[in-house]
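Below are the chains, spelled out letter by letter.
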Amino acid sequence: GENVEQHPSTLSVQEGDSAVIKCTYSDSASNYFPWYKQELGKRPQLIIDIRSNVGEKKDQRIAVTLNKTAKHFSLHITETQPEDSAVYFCAAWFSGGYNKLIFGAGTRLAVHP
Amino acid sequence: EAGVAQSPRYKIIEKRQSVAFWCNPISGHATLYWYQQILGQGPKLLIQFQNNGVVDDSQLPKDRFSAERLKGVDSTLKIQPAKLEDSAVYLCASSFKPTEAFFGQGTRLTVV
């Protein structure tokens, strides 16, 4: 079945350090991988995404990489700031007649001043 | 552009009671999703509608959960009877394009 695995479940870094979150997906036919940030009590917010025709995408301090062969994708946050503290979810769109969005279990990131 | 509207925002009920949540998607969005997010977990897809038809309800506990989408617009999700483990945030999302999802603010359900 469709599955997205995410690691680590918690991540604690010092302000200014980098943070990396890794995900794997089950269906090699998936071709679109969004990342969401969720602050306490709020809805998931799309922060960046990557499609299978590219290997890396960058937006200021955030970058995502995709290895389709290994079915891995990762989120990299550089120069972390306290406001980056939140829960981050990777997700994958699975297709099979209709498109279905499946989330990973989430990574709670804490950035300490 | 108005976003996905959900109500109520919060609900507290006793176990074995019934509850209903309402979702109004963005105008023109044919696809509507209901997700359950238990504290500390990722959102889990419960049911997906394309217009007023169900395309996926494989993760919906059909013995107690039901959902409908009348006229392909608004949707309601019902739980009857509720269990303690149903305590969660219920997120509604809608989309126009195949790989997009706009989320509502969610309904936080507490079952006591």
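Residues numbered from 1 in each chain as written. Chains lettered and ligands numbered in written order. Predicted model: local features only at pLDDT ≥ 70, side-chain atom pairs only at ≥ 80, totals over all residues. Heavy atoms only, no water.

Undergrad: Go over the state of the cysteines with me, naming the residues and quoting the values.
TA: For the structure shown, the criterion picks out two disulfides over all chains. Each sulfur in the disulfide pair Cys23 of chain A and Cys90 of chain A lies 2.0 Å from the other. Where Cys23 of chain A bonds to Cys90 of chain A through sulfur, the torsion about that S-S bond is close to -100°, and the disulfide is left-handed. Linking Cys23 of chain A in strand β3 (residues 19–25) with Cys90 of chain A in strand β9 (residues 86–95), this pair joins segments that are 67 residues apart in sequence. Covalent S-S linkage joins Cys23 of chain B and Cys92 of chain B, the inter-sulfur distance amounting to 1.9 Å. Classification of the bridge connecting Cys23 of chain B and Cys92 of chain B rests on its S-S torsion, roughly -70°, and on that basis the disulfide is left-handed. A residue pair is termed long-range when its members are at least 10 positions apart, and Cys23 of chain B in strand β3 (residues 19–24) and Cys92 of chain B in strand β9 (residues 88–95) qualify at 69 residues. Across this residue pair, the class does not change: Cys23 of chain B and Cys92 of chain B are buried. (Disulfide = S-S within 2.5 Å. Helix = DSSP H or I, 4+ residues; strand = E, 2+ residues; numbered from the N terminus. Buried < 20%, exposed > 50% of the residue type's maximum accessible area, 1.4 Å probe, protein only.)

Undergrad: Can you explain the nonpolar core? Please cite residues and give values.
TA: The tendency in soluble globular proteins is for nonpolar side chains to be buried side by side. Core analysis: the biggest nonpolar cluster contains 25 residues, and Val4, Tyr25, Trp35, Phe73, Leu75 and Leu109 of chain A have the highest contact counts within it. Breaking this core down by element, the ones donating at least two residues are β2 (10–14), β3, β4 (32–38), β5 (45–51), β7 (62–67), β8 (72–77), β9 and β11 (107–112) of chain A. No other element matches β9 of chain A, which puts five residues into this core. If near-sequence neighbours (up to four positions away) are discounted, Leu75 of chain A is found in contact with Ala19, Val20, Ile21, Trp35, Ile47, Ile48, Ile62, Ala63, Val64 and Tyr88 of chain A. Core analysis: the second largest hydrophobic core is formed by 21 residues, Val4, Ile13, Trp34 and Leu77 of chain B among them. (Core = buried A, V, L, I, M, F, W, Y, C linked by side-chain atoms within 4.5 Å. Contact = heavy atoms within 4.5 Å.)

Undergrad: Let's hear about the pairing of β3 of chain B: which residues, and what values?
TA: All names here are of chain B. Of the two faces of β3, the one lined by Val19, Phe21 and Cys23 is fully buried and the one lined by Ala20, Trp22 and Asn24 carries no buried residue. Here strand β1 (residues 5–7) runs beside β3; their pairing, made up of three bridges, is antiparallel. Along β3, the bridge assignment pairs Ala5 with Asn24. Here β3 pairs with strand β8 (residues 75–79) via five bridges, running antiparallel. Bridge pairing links Trp22 to Thr76 in β8. (Pairing = 2+ DSSP bridges.)

Undergrad: Summarise the packing of aromatic side chains; cite the residues concerned and give the values.
TA: What describes a pair of aromatic rings is the distance from one ring centre to the other and the angle between the planes of the rings. Residues and elements named next belong to chain A. If you walk through the whole model with that rule in mind, you get 14 aromatic pairs over all chains. Both rings, one in Tyr36 and one in Phe103, keep their centres 5.2 Å apart while their planes meet at 45°; by these two values the pair is tilted. Of this pair, Tyr36 sits in strand β4 while Phe103 is found in strand β10 (residues 99–103), placing the two residues 67 residues apart along the sequence. Over the ring of Tyr32 we find Arg51; its NZ or CZ atom is 3.9 Å from the centre of that ring. (Phe/Tyr/Trp six-rings, centres within 6.5 Å; stacked < 30°, edge-to-face > 60°. Lys NZ or Arg CZ within 6 Å of the ring centre and 35° of its normal.)

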